[in-house]
Amino acid sequence: MILLADSGSTKVDWCYIDAKGKRIDFQSKGMNPYNITRENLLAEIEANVVSNLPTRDIKEMYFYGSGCSTIQKKTEMVDVFKIYLPNTEIHIEDDLLGAARATCGHHSGVAAILGTGSNSCLYDGENITENLPSLGYVLCDEGAGTNIGKLVLRNYLRGQFPSDLHNEFKQEYPGEEADFLNRLYKGEVPNYYLASFAKFAITRQLHPYCYGLIAEAFDNFFKMQVTQYTDYNKEPINVVGSVGYYAQEVFKDVAKKYDMSVNKVIKAPLEALVDYHLQK
């Protein structure tokens, strides 16, 4: 009866639940409206979404997606889905509200996305009440994979790594300075390329130097985003995203510096969103 989706730029996690509670879980390609043409969106929905579903039985759809924060983009997405689900009540929301509902439920708190990119908000248990524009990886994305990856690559190329890490990085990512810079400035999806280097630090976070790089990125996240919200440290902070999930111990250490408690940290929001909507 209800269809839920957690959409990023690369993939969408879907869950359909019928009147008896039976589930159908599947994935499709990413559906960020800024990254996909209408034609490709139509083709993806037809080939990999409605083909998996009893479309006549779907009463409601909640689609939480990156790139779906503006009225214009929400309207575009509704118009497309209505072609295939004409009798369904369709709700298009941005991924930040999905993160808030998944981690906070009906309780107030600070909600954050810490994955390839970053975003955050103050949530009152029903709606987002305060939110700074994320502005993307070039200007911001503090604490995200792009931010950590940028610190890793910059420090390596400037010869600031300790010798053990320098040798490990060189073996894992062979190439000269020009190779990295050409790929970064002339290649496709530079944000994902930058974020790929975050893994080097996160998988070595027990190393004091890598711990310091991750902590620097998280400190900037708190300083530039979280502390800008009204009475920010009177609420717990909740996190969705692979970077926050795999580096959560570092995140919790930095949160203490800002007198904040960390409540829920989850890698992906879909399962929690299923619980949220079933309880609702």
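Preceding this section is the structure that the text describes.
In short, a report on the structure. For clarity, every value in this text was computed on a predicted model and none was experimentally measured. (Residues numbered from 1 in each chain as written. Predicted model: local features only at pLDDT ≥ 70, side-chain atom pairs only at ≥ 80, totals over all residues. Heavy atoms only, no water.)

So, the sheet that holds strand β6 (residues 109–114)
Backbone-to-backbone hydrogen bonds pair the strands of a sheet. The strands run either parallel or antiparallel. Read from one edge of the open sheet, 5 strands run β8-β7-β6-β9-β10, paired in mixed fashion. Because the sheet does not close on itself, it has two edges, and the strands there are β8 (128–130) and β10 (262–266). The sheet shows a mean angle of 30° between the axes of neighbouring strands, taken without regard to direction. Of the strand pairs in this sheet, strand β7 (residues 118–123) and β8 are connected by 2 bridges, and their pairing is antiparallel. Bridging across to β8, Leu122 finds its partner in Glu130. Together, β6, β7, β8, β9 (237–240) and β10 form the strand contacts of helix α3 (residues 95–104), whose direction differs from that of β6 by roughly 120°. Its contacts with the sheet place helix α12 (residues 248–257) against β6, β9 and β10, and it is angled at close to 155° to β10. (Pairing = 2+ DSSP bridges. Helix = DSSP H or I, 4+ residues; strand = E, 2+ residues; numbered from the N terminus. Axes fitted to C-alpha atoms, helices over the stretch in contact; angles between N-to-C directions. Contact = heavy atoms within 4.5 Å.)

A look at the packing of helix α5 (residues 145–157) against helix α7 (residues 177–186)
The interhelical angle for the contact between α5 and α7, taken along N-to-C directions, is 150°, at an axis separation of 11 Å. Looking at the two axes, α5 sits roughly antiparallel to α7. At the point where α5 passes α7, the crossing takes the left-handed sense. From α5, Leu153, Tyr156 and Leu157 reach across to α7, where they touch Glu177, Phe180 and Leu181. (Parallel < 35°, antiparallel > 145°, perpendicular 65-115°, else oblique. Left-handed = near helix turned anticlockwise from the far one by under 90°.)

Re the environment of His107
As for its position among the elements, His107 is in the loop between α3 and β6. C-alpha separation for the pair His107 and Glu126, spaced 19 residues apart in sequence, amounts to 7.8 Å. Discounting residues that sit within four places of it in the chain, His107 has contacts with Tyr123 and Gly125.

What to know about the side chain of Asn32
Here Asn32 is to be found in the loop between β3 (23–29) and α1 (38–48). Looking at Asn32, its side chain comes within polar contact range of the side chain of Ser66, at 3.4 Å. In this view, Asn32 contacts Ser7, Gly8, Ser9, Ser66 and Gly67; residues no more than four positions away in its chain are not counted. (Polar contact = N/O pair within 3.5 Å; in protein donor to acceptor, adjacent residues only side chain to side chain.)

Observations regarding the layout of surface pockets
Empty space left among the atoms is revealed by rolling a probe the size of a water molecule over them. Its volume calculated, the largest pocket comes out at about 1,200 Å³. Taken together, 42 residues line the largest pocket, and the ones lying closest to its centre are Gly8, Ser66, Asp95, Ile113 and Gly117. Within the residue set of the lining of the largest pocket, elements represented by two or more residues are β1 (2–7), β2 (11–17), α3, β7, α4 (136–139) and α8 (190–196). The greatest single-element share of the lining of the largest pocket, amounting to 3 residues, is contributed by α3. Counted by class, the lining of the largest pocket contains 12 nonpolar, 23 polar and 7 charged residues. (1 Å grid on protein atoms, 1.4 Å probe; cavity = no way out; pocket = protein on both sides within 12 Å on 5 of 7 lines; lining within 4 Å. Points joined across faces, edges and corners; volume = space filled by probe spheres on them. Nonpolar A, V, L, I, M, F, W, Y, C, P; charged D, E, K, R; others polar.)

Thoughts on the pattern of salt bridges
Under the defined criterion, the tally for this structure stands at 10 salt bridges. In this structure, Asp13 engages Lys11 in a salt bridge whose closest nitrogen and oxygen atoms are separated by 2.9 Å. Here Asp13 falls in the buried class, since its relative accessible area comes to 13%. The exposure class assigned to Lys11 is partly exposed, which follows from its relative accessible area of 37%. Between Arg204 and Glu172 there is a salt bridge, with its nearest N and O atoms 2.9 Å apart. Note that Arg204 is positioned in the loop between α9 (198–202) and α10 (208–224) and Glu172 in helix α6 (residues 163–172), a separation of 32 residues in sequence. Here Arg204 falls in the buried class, since its relative accessible area comes to 19%. (Salt bridge = Lys/Arg side-chain N within 4 Å of Asp/Glu carboxyl O. Buried < 20%, exposed > 50% of the residue type's maximum accessible area, 1.4 Å probe, protein only.)

Details of the sheet that holds strand β4 (residues 60–65)
Pairing is mixed across the open sheet formed by 5 strands, whose spatial order is β3-β2-β1-β4-β5. Looking at which strands have only one partner, the edges of the open sheet turn out to be β3 and β5 (89–94). Strand after strand, the sheet turns through a mean of 15° between neighbouring axes, direction not considered. Sheet analysis places β1 next to β2, joined by 6 bridges and oriented antiparallel. Considered in β2, the bridge of Asp6 is made with Asp13.

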